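Understanding the architecture of this molecule
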Amino acid sequence: MSNDKPYFFCGIGGSGMLPLALILRAQGAVVAGSDRARDQGRTPEKFEFLTGQGITLYPQDGSGVTRSEQIVVASAAVEETVPDVVAARRAGAALITRAALLAELFNVAETSIGVAGTSGKSTTTGMIGWILSTLGREPTVMNGAVMKNFMTTEAPFASALVGDGGLFVSEVDESDGSIAHYHPRIAVVNNISLDHKSMDELRTLFGDFVGKAETAVLNLDNAETITLKQRPRRTITYSLSDPNAQFRASDIAPAPDGIAFTVRAGSAKARIKLGVPGRHNVANALAALATVEAAGVPLRESAEALERFSGIRRRLEIVGRSNGITVIDDFAHNPDKIAATLDTLHDFPGRLLILFQPHGFGPLRKMKSEFIAGFAGNLGNDDVLIVSEPAYFGGTTDKSVTSADIVAGIVTQGREALAPGDRAASGAQLIALARPGDRIVIMGARDDTLSTFAAEILSAVGK
């Protein structure tokens, strides 16, 4: 595709927008954008980074969209009343969704690797990108989260990597149906569970995605992904428990700062110590190892590279320790991710004080029962859950289900949960409860200020 036209990103600071803007800018395109988070003074360091990359930023008032030759990139959910969209219509500028633009870049690559699934996409994408990069394959990587291995002082928001164009690795999203745009050579599906869409919709979307691929990498530990085995021409399977899987993990040894396991793939075998904790990351690692083998990388080389994978920002990330209290920043926001986080943390001693900020009123309404069951079933006897008000940045939405409704359901099942109100009140409650030996977990998505909040909590418990 041609990059000789100017692009304007509406919401350029978003987790899906930012890496795509960086890739286009690195390829020589003229890139500009706006973001209401910038207008509100949130995460200024992110926008300073973008301007440092030669990207021009405007207020989100339509003033940056003035010419018909501009291509305005917006999320599928953006409302027609947003000033940048109004300005694009007025100027006769082309409008394209973020997913459609990414798919254009992805689909023309010689080897396209699409990483899908309800949970684990960002970590698996980061692992694949790191292995391929380490081995000199020069991939372009599009991730929805910051990859620690690629972070530098000059690039603190390293959610994208620009390669030579032959290999394109991308996280792909089912939540808005945009997974339908992608035509992968290698399709990875980690798992399928209820999140943004109904299970029937998800089965169709993932089935079509896998059906277009030459090779599919599928998790045999997830009942839904097993049903996809007959769709592609070639399937590579992985599992922590199924002896019939082509990539199998055994002798799993958890540690607070990582996890070790033995991987077997046919006659090949390797012992790996990951620098990220949790059995779910063993599954992510198997997916990555199987994927790069499909791209021509033998297990011996990929296993060695994977041991140097340092993780993804906000995935069980230890912010620090003070007065015997550990503060952890985590992206978990749906029932599966929450269960994986709690399961990993419960491998080791220490009460959990969890502040969960739901990522929107819509998910609360759709998954009310699943949130209640997930927390009630995975909280320890001494754990305390604090649910703050959901992330909300404007626009129309149904607020009929609240954090208090989730807490009420959890309490009826015998677990300790509170709904103090906004995040400030929730944080104050958290600090009041904390004592030496506790682990505080700040949990949620769609709000970059959660990391800043986690750092503030660490500072407060240290006083």
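Up top is the structure.
Described in the following lines is the structure provided in the data block. Keep in mind it's a predicted model, so treat the numbers as computed, not measured. (Residues numbered from 1 in each chain as written. Predicted model: local features only at pLDDT ≥ 70, side-chain atom pairs only at ≥ 80, totals over all residues. Heavy atoms only, no water.)

**A look at the overall build of the protein**
Selection rule: Here a strand is any run of E in DSSP of at least two residues, a helix any run of H or I of at least four, and the numbering for each starts at the N terminus. As defined in this context, the radius of gyration uses C-alpha atoms, and a globule is described by 2.2 Å times the residue total to the power 0.38. Throughout, exposure labels follow a simple rule: accessible area from a 1.4 Å probe, protein chains only, divided by the maximum for the residue type, with under 20% read as buried, over 50% as exposed, and the rest as partly exposed. By the convention used here, residues are in contact when the closest approach between their heavy atoms is within 4.5 Å. Each accessible area is a Shrake-Rupley estimate made with a 1.4 Å probe; only the visible protein chains count as cover when residues are assessed.
Secondary structure assignment for the protein yields 16 helices and 21 strands. Relative to its length of 463 residues, the protein is compact, with a C-alpha radius of gyration of 22 Å against a globular reference of 23 Å. Principal-axis analysis of the C-alpha atoms gives the protein an extent of 60 × 55 × 45 Å. Here the protein holds 463 residues, and 56% of them are scored as buried. Partitioning the intrachain contacts of the protein with sequence separation of at least 6 by distance along the chain shows that 66% fall at a separation of at least 24. Put simply, the protein shows about 18,100 Å² of open surface, and 49% of that area lies on carbon and sulfur atoms.

**Quick look at the sheet that holds strand β4 (residues 71-74)**
The line we're drawing: A strand pair is defined by DSSP finding two or more bridges across the two strands. Note on geometry: axes are lines fitted to C-alpha atoms, helical ones only across the stretch in contact, with angles between N-to-C directions running from 0 to 180 degrees.
Reading across the sheet, the 5 strands line up as β3-β2-β1-β4-β5 and stay open at both edges, with parallel pairing between neighbours. Every interior strand has two partners, whereas the edge strands, β3 (56-58) and β5 (94-97), have only one. For this sheet, the mean angle separating the axes of adjacent strands, direction not counted, is 25°. Sheet analysis places β4 next to β5, joined by 4 bridges and oriented parallel. Of the residues in β5, the one forming a bridge with Ala74 is Thr97. Strands in contact with helix α1 (residues 17-26) are β1 (7-10), β2 (31-34) and β4; relative to β1, the strand with the most contacts, it is inclined by about 170°. Across the sheet, helix α4 (residues 83-91) lies against β1, β2, β4 and β5, angled at about 140° from β5, the strand it touches most.

**Here's the deal with the sheet that holds strand β8 (residues 160-161)**
What the 10 strands build is an open sheet, ordered β8-β7-β9-β6-β10-β11-β12-β13-β14-β15; its pairing is mixed. In this open sheet, the two strands that pair with only one neighbour each are β8 and β15 (268-274). Bridging between strand β7 (residues 140-142) and strand β9 (residues 167-171) involves 3 bridges; their strand directions are parallel. Across the sheet, the residue bridging to Met142 is Ser170, located in β9. Packed onto the sheet, helix α7 (residues 199-211) meets β6 (111-116), β10 (186-189) and β11 (215-219) and runs at close to 150° relative to β10. Sheet strands in contact with helix α10 (residues 299-306) are β13 (247-255), β14 (258-265) and β15, and its direction is about 5° off that of β15.

**Quick word on the pattern of salt bridges**
Operational definition: We count a salt bridge whenever a side-chain nitrogen from Lys or Arg sits within 4 Å of a carboxyl oxygen from Asp or Glu.
Per the counting criterion, the structure on display carries 13 salt bridges. Arg279 is the salt-bridge partner of Asp347, the closest N and O atoms lying 2.8 Å from each other. Of the two residues, Asp347 sits in the loop between α11 (335-345) and β18 (352-357) while Arg279 sits in helix α9 (residues 279-294), which places them 68 residues apart along the sequence. A residue is classified by how much of its surface remains accessible, and Asp347, at 33% relative accessible area, is partly exposed. A residue is classified by how much of its surface remains accessible, and Arg279, at 33% relative accessible area, is partly exposed. Beyond isolated ion pairs, a larger network of salt bridges with shared partners links Lys148, Arg313 and Glu317.

**Describing the pairing of β14**
Looking along a regular strand, one sees side chains alternate from face to face of the sheet. Burial analysis of β14 places 7 of its 8 residues in the buried class, the great majority of the element. The sheet contact formed by β13 and β14 spans 7 bridges and is antiparallel. Along β14, the bridge assignment pairs Pro254 with Ile259. A loop of 2 residues connects β13 with β14, the two strands running antiparallel in sequence. With 7 bridges connecting them, β14 and β15 associate as antiparallel partners. Looking at β15, one finds that Arg264 is bridged to Lys269. Linking β14 back to β15 in an antiparallel pair, the connection comprises 2 residues, with Gly266 at a positive phi of about 65°.

**Notes on the pairing of β11**
Of all the 5 residues making up β11, 5 are buried; the element is thus mostly covered by neighbouring parts of the structure. The side-chain alternation of β11 yields two buried faces, one formed by Thr215, Val217 and Asn219 and the other by Ala216 and Leu218. As defined by bridge partners, β10 adjoins β11 across 4 bridges and the pair is classed as parallel. By the bridge assignment for β11, Val189 is matched with Leu218.

**Points about the packing of aromatic side chains**
Put simply, the rule is: Stacked, edge-to-face and tilted are the three classes for Phe, Tyr and Trp ring pairs, Trp counted by its six-membered ring, which pair at centre distances within 6.5 Å; planes under 30 degrees apart are stacked, over 60 edge-to-face, the rest tilted. By definition, being over a ring means that NZ of Lys or CZ of Arg is both within 6 Å of the ring centre and within 35 degrees of the ring normal.
Applying the stated criterion across every chain, the model contains 7 aromatic pairs. Where Phe106 meets Tyr182, the ring centres are 5.4 Å apart and the plane angle is 85°; that geometry is what we call edge-to-face. Note that Phe106 is positioned in helix α5 (residues 98-107) and Tyr182 in the loop between β9 and β10, a separation of 76 residues in sequence. Just as Phe106 is buried, Tyr182 falls in that class too. Here a set of aromatic residues connected by ring pairs shows up, and it is made of Phe106, Phe168 and Tyr182. Lying over the aromatic face of Phe331, Arg315 brings its terminal NZ or CZ to 3.9 Å of the ring centre. When the ring centre of Phe453 is taken as reference, the NZ or CZ atom of Arg423 above it lies at 4.8 Å.

**Quick notes on the packing of helix α15 (residues 423-433) against helix α16 (residues 449-461)**
Note the threshold: Left-handed is the label given to a crossing in which the near helix is rotated counterclockwise from the far helix by less than a right angle, and right-handed is the label when the rotation is clockwise. Note that Gly is not counted as nonpolar here; it falls among the polar residues with everything else outside the nonpolar set of Ala, Val, Leu, Ile, Met, Phe, Trp, Tyr, Cys and Pro and the charged set of Asp, Glu, Lys and Arg.
Axis separation between α15 and α16 bottoms out at 11 Å; the angle between their running directions is 35°. Crossing of α15 against α16: the hand is right-handed. Packed against α15, whose contacting residues are Arg423, Gly427, Leu430 and Ile431, the element α16 presents Thr449, Leu450, Phe453, Ile457 and Ala460 at the interface. Considered class by class, the residues forming the contact of α15 with α16 number 6 nonpolar, 2 polar and 1 charged.

**Observations concerning the side chain of Thr262**
Of note, Thr262 is situated in strand β14. We classify Thr262 as buried; its relative accessible area is 7%. Setting aside its immediate chain neighbours within four residues, Thr262 contacts Arg248, Ala249, Ser250, Asp251, Lys269, Ala270 and Arg271.

**Some words on the packing of α1 against α5**
Working note: a packed helix pair is described by the angle between its axes plus the distance between those axes. Quick reminder of the rule: Note on terminology: angles under 35 degrees are roughly parallel, angles over 145 are roughly antiparallel, angles of 65 to 115 are roughly perpendicular, and the others are oblique.
It is at 11 Å that the axes of α1 and α5 come closest, and there the two elements cross at 40°. Considered as vectors, α1 and α5 are oriented oblique to each other. In the crossing of α1 with α5, the sense of the turn from one axis to the other is left-handed. From α1, Met17, Leu20, Ile23 and Leu24 reach across to α5, where they touch Arg98, Leu101, Leu102 and Leu105. Classifying every residue of the contact of α1 with α5 gives 7 nonpolar, no polar and 1 charged.

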